[in-house]
Amino acid sequence: MIKLEKLRDLDIYTCAHSRPSHLSAASGLVCVGSALYVIADDDVHLGVFPVDRLGPGRLVRLFAEILPEGTSDRKATKPDLEALARIPPCNGFAFGALFAIGSGSRPNRKKGVVLGFDAKGTITTPPTSVDLSFLLDPIATEFGQLNIEGLVIAADELRLFQRGNRRHNDNAIIRYPLSPVLDALEKERVDPLKPLAIERFDLGAIQGTPFGFTDAAALPNGDMIFSAVAENTEDAYVDGPCLGAGLGIIDGRGNVASFDCLEYPHKIEGIHAYEKGEVLELLLVTDADNPDIAAGLFSARIVR
């Protein structure tokens with residue numbers, strides 16, 4: 001069993017009386033320099049938090065749209081940003097960029113956003129909205145319900161993590177060549193891009209509810225660490241109670257090398273990892289599926 005240590009709630013500075021002073025549904029996490037960057041699947045902002053202190057974070061608007069306050073209307077119209085990764089330096093972004101993507105589970109959830117870094121890892125470019133149909137449409141018929149939850153950039157590939165549910169246990173990693181994806185991010189219209197491969201995974205189940213991918217991160221040795229939860233739902237759209245949660249490692253050959261449950265089933269939806277010798281240090285963010293509850297930042301350790 002893996003024990004998590006809570007570090008903080010994801011509180012934010014806000015002058016708007018119409019929104020809570022926290023992120024409530026954290027769904028992706030990237031740490032660059034002295035900043036933690038967090039997306040939330042019920043928001044149109046990026047949260048930026050200090051790494052070395054507990055002060056509130058700030059918001060960066062990603063999309064111009066204003067989301068409804070009502071829960072059902074908000075759910076229907078949100079872009080559902082579910083995955084976040086750092087793009088390496090390339091022609092369009094000399095110091096790399098953040099790349100956030102929607103789940104693809106509805107037509108309005110097939111867009112992403114890119115924000116460029118400076119040499120210190122600080123965001124310096126305005127957000128650029130991206131139509132992700134060129135990635136998501138070619139794979140839509142492969143799954144009962146498309147539901148992208150993780151994004152990893154490693155080994156000259158972009159890898160999307162598809163999450164299954166009780167009705168469609170469709171956990172998979174979809175691999176694309178990285179170079180044409182990066183080229184596409186700079187164009188307004190892009191031809192559909194077929195994946196290099198689709199690799200399917202069975203992560204086990206609790207009480208008949210399968211574990212499904214919720215995020216992943218690349219490790220220096222070519223492995224990937226992933227988070228997964230057993231959420232009691234038969235739909236990529238409707239939330240359900242979390243019966244279990246765990247962390248696992250997929251080795252460089254594409255095999256699940258380990259998978260261990262969390263001591264308490266926190267719904268982990270964002271993961272950042274770095275190595276200290278034989279120890280894998282993790283930062284994780286949670287989604288409580290409740291707009292009144294702040295998302296949490298946790299830490300954990302895995303000895304390899």
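Summarised in this report is the structure supplied together with it. (Residues numbered from 1 in each chain as written. Predicted model: local features only at pLDDT ≥ 70, side-chain atom pairs only at ≥ 80, totals over all residues. Heavy atoms only, no water.)

**A word on the overall build of the chain**
Here's step 1: The helix and strand inventory of the chain stands at three helices and 22 strands.
Here's step 2: Rg of the C-alpha trace for the chain: 18 Å, near the compact-globule value of 19 Å for 304 residues, within the 12% margin.
Here's step 3: Across its three principal axes, the chain shows a C-alpha extent of roughly 45 × 45 × 40 Å.
Here's step 4: Taking all 304 residues of the chain together, the buried fraction comes to 54%.
Here's step 5: When contacts within the chain are restricted to residue pairs at least 6 apart in sequence, those whose partners lie at least 24 apart make up 51%.
Here's step 6: Approximately 13,400 Å² of the chain is accessible, and the part contributed by carbon and sulfur atoms is 49%. (Helix = DSSP H or I, 4+ residues; strand = E, 2+ residues; numbered from the N terminus. Rg over C-alpha atoms; globule rule 2.2 N^0.38 Å. Buried < 20%, exposed > 50% of the residue type's maximum accessible area, 1.4 Å probe, protein only. Contact = heavy atoms within 4.5 Å. Areas by Shrake-Rupley, 256 points an atom, 1.4 Å probe, with all protein chains shown as cover.)

**Here's the deal with the environment of valine 256**
Here's step 1: Mapped onto the elements of the fold, valine 256 is located in strand 19 (residues 256-261).
Here's step 2: Under the relative-accessibility criterion, valine 256 is labelled partly exposed at 35%.
Here's step 3: Taking C-alpha positions, valine 256 is 13 Å from glycine 222, a pair spaced 34 residues apart along the chain.
Here's step 4: Among residues more than four places away in sequence, those in contact with valine 256 are Phe201, Leu203, Phe226, Ile249 and Ile250.

**Examining the sheet that holds strand 9 (residues 128-131)**
Here's step 1: Ordered by their spatial adjacency, four strands build an open sheet running 6-7-8-9, and the pairing between neighbours is antiparallel. Looking at which strands have only one partner, the edges of the open sheet turn out to be strand 6 (81-87) and strand 9. With strand direction ignored, the average angle separating the axes of adjacent strands in the sheet is 25°.
Here's step 2: Sheet topology places strand 7 (residues 97-102) next to strand 8 (residues 111-116); five bridges connect them, and they run antiparallel. Across the sheet, the residue bridging to leucine 98 is leucine 115, located in strand 8. (Pairing = 2+ DSSP bridges. Axes fitted to C-alpha atoms, helices over the stretch in contact; angles between N-to-C directions.)

**Some points on the pairing of strand 19**
A regular strand places its side chains on the two faces of the sheet in alternate fashion.
Here's step 1: Here five bridges tie strand 18 (residues 242-250) to strand 19, and the two strands are oriented antiparallel to one another. The partner of glycine 246 across the bridge, within strand 19, is cysteine 261.
Here's step 2: Once strand 18 ends, the chain turns through five residues before running back antiparallel as strand 19, passing glycine 254 with a positive phi of about 90°.

In short, shape yes, function no, at least from these values alone.
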